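Fold and contact review
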Amino acid sequence: MLRLPAAILAVLFASGCAISQEVEPVPERQAIEMVYVEHNPDVHMEELNDSLVGMFEDMGIESEQYRGTRPDDAEHHLEFTANWTWDLAMYLTYFDARLYAEDQLIGTAEYDARRGGGRPDKFGPTEEKIRPLMQELITGEPAEE
């Protein structure tokens, strides 16, 4: 008799656990040769700054970090934020990236696991969660699983 209520509770709990990924890709007509990545000192994982630069370079786009004022020749730049939470281990809870051409927003990528409570796939390397989103941001095509 206790099994049925426990099963119902488990289903209700699991259905309330969500990880969302949303990407508004760069328009096809937008040619990007170089992206400056704004260094974000507030992220828990310092190496994420370098990882983002590497992701652009892996897609054939030159990239480098900047601190403070954006370089004068920065036609395209990326601003981002990332947050981690502890639940048996540290995991990426939220990532938001915004790509600009001059001062105009041209694309966004968001990973949101704030409601991912009971999902085991919330754990894992941060780069594996972000790389497919960044690829879709630039190419407009979802990354192959």
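Each remark here, short or long, concerns the structure printed above.
Now for a description of the structure that goes with this document. Fair warning: this is a prediction, and the values are worked out from it, not measured in the lab. (Residues numbered from 1 in each chain as written. Predicted model: local features only at pLDDT ≥ 70, side-chain atom pairs only at ≥ 80, totals over all residues. Heavy atoms only, no water.)

Observations concerning the overall build of the protein chain
Counted only if it meets this: Helix and strand definitions follow DSSP, with helices as H or I runs of at least four residues and strands as E runs of at least two, each counted in order from the N terminus. Summary of the burial criterion: residues with accessible area below 20% of their type's maximum are buried, those above 50% are exposed, and those between are partly exposed, where the area comes from a 1.4 Å probe applied to protein chains only. For accessible areas, the Shrake-Rupley method is used with a probe of radius 1.4 Å. Any residue's cover is judged against the shown protein chains and nothing else.
Regarding its fold elements, the protein chain presents three helices and six strands. Tracing the protein chain from N to C terminus, the helices and strands come up as α-β-β-α-β-β-β-β-α. Counting across all 145 residues of the protein chain, residues that qualify as buried make up 41%. Of the roughly 9,000 Å² of accessible surface on the protein chain, a fraction of 49% belongs to carbon and sulfur atoms.

Some points on the nonpolar core
Note the following rule: For the purposes of this section, nonpolar cores are sets of buried Ala, Val, Leu, Ile, Met, Phe, Trp, Tyr and Cys residues that join through side-chain atoms within 4.5 Å. Any two residues whose heavy atoms approach within 4.5 Å at even a single point are treated as in contact.
In terms of nonpolar packing, the biggest core is built from 33 residues, with Leu 48, Leu 52, Leu 78, Phe 95, Leu 99 and Met 134 touching the most fellow members. Elements that contribute at least two residues to this core include exactly β1 (18–24), β2 (34–38), α2 (47–58), β4 (76–86), β5 (90–101), β6 (104–115) and α3 (126–139). Here this core gets six residues from one element, more than from any other, and that element is β5. Beyond its immediate stretch of four places on either side in the chain, Leu 52 contacts Val 37, Leu 78, Phe 80, Phe 95, Ile 130 and Met 134.

Looking at the environment of Thr 93
By secondary structure assignment, the location of Thr 93 is in strand β5. Separated by 30 residues in sequence, Thr 93 and Phe 123 place their C-alpha atoms 9.5 Å apart. Every residue in contact with Thr 93, bar those within four places of it in the chain, is listed here: Asn 83, Trp 84, Thr 85, Tyr 111, Asp 112, Ala 113 and Arg 114.

Here we look at unusual backbone geometry
At Glu 102, a position not held by glycine, the phi torsion is positive, near 60 degrees. Within the secondary structure, Glu 102 sits in the loop between β5 and β6. Taking the relative accessible area as the measure of exposure, Glu 102 reaches 48% and is therefore partly exposed.

Looking at the pattern of salt bridges
When their charged atoms lie close together, side chains carrying opposite charge are able to pair. For clarity, the cut-off: Salt bridges are defined by distance alone: a side-chain nitrogen of Lys or Arg within 4 Å of a carboxyl oxygen of Asp or Glu.
Going through the model one piece at a time under the given rule, you end up with four salt bridges. As a salt-bridge pair, Arg 131 and Asp 58 come within 3.0 Å of each other at their nearest N and O atoms. Taken together, the residues span a long stretch of sequence, with Arg 131 in helix α3 and Asp 58 in helix α2 at a distance of 73 residues. A relative accessible area of 29% places Arg 131 in the partly exposed class. Across the salt bridge formed by Arg 98 and Asp 96, the nearest N and O atoms sit 3.1 Å from each other. Here Asp 96 falls in the buried class, since its relative accessible area comes to 11%.

What about the packing of α2 against α3?
Our working definition: Helix axes are fitted to C-alpha atoms over the stretch in contact, other axes to C-alpha atoms as well, and angles between N-to-C directions run from 0 to 180 degrees. Angles are sorted into four bins: roughly parallel if under 35 degrees, roughly antiparallel if over 145, roughly perpendicular if 65 to 115, and oblique for all others. Whether a crossing is left-handed or right-handed is set by the direction in which the near helix is turned from the far one by less than a right angle, anticlockwise for left-handed and clockwise for right-handed. Ten residues, namely Ala, Val, Leu, Ile, Met, Phe, Trp, Tyr, Cys and Pro, are considered nonpolar, four, namely Asp, Glu, Lys and Arg, are considered charged, and the remaining ones, Gly among them, are considered polar.
Between α2 and α3, whose axes approach to 10 Å, the crossing angle comes to 40 degrees. With respect to α3, the axis of α2 lies oblique. You can see that α2 and α3 cross each other, and the crossing is right-handed. Contact residues: Leu 48, Ser 51, Leu 52, Met 55, Phe 56 and Asp 58 in α2; Thr 126, Glu 127, Ile 130, Arg 131, Met 134 and Ile 138 in α3. Split into classes, the residues belonging to the contact of α2 with α3 amount to seven nonpolar, two polar and three charged.

Things to note about the sheet that holds strand β3 (residues 62–66)
Neighbouring strands of a sheet are bound in pairs by backbone hydrogen bonds; such pairs are parallel or else antiparallel. Test applied: In this scheme, strands are said to pair when DSSP sees at least two bridges between them.
Pairing in this open sheet of six strands is mixed, and the strands run β1-β6-β5-β4-β2-β3 from one edge to the other. If you trace the sheet from one side to the other, it starts and ends with β1 and β3, each paired once. Shown here is a sheet whose adjacent strand axes are inclined to one another by a mean of 20 degrees, direction ignored. As defined by bridge partners, β4 adjoins β5 across eleven bridges and the pair is classed as antiparallel.

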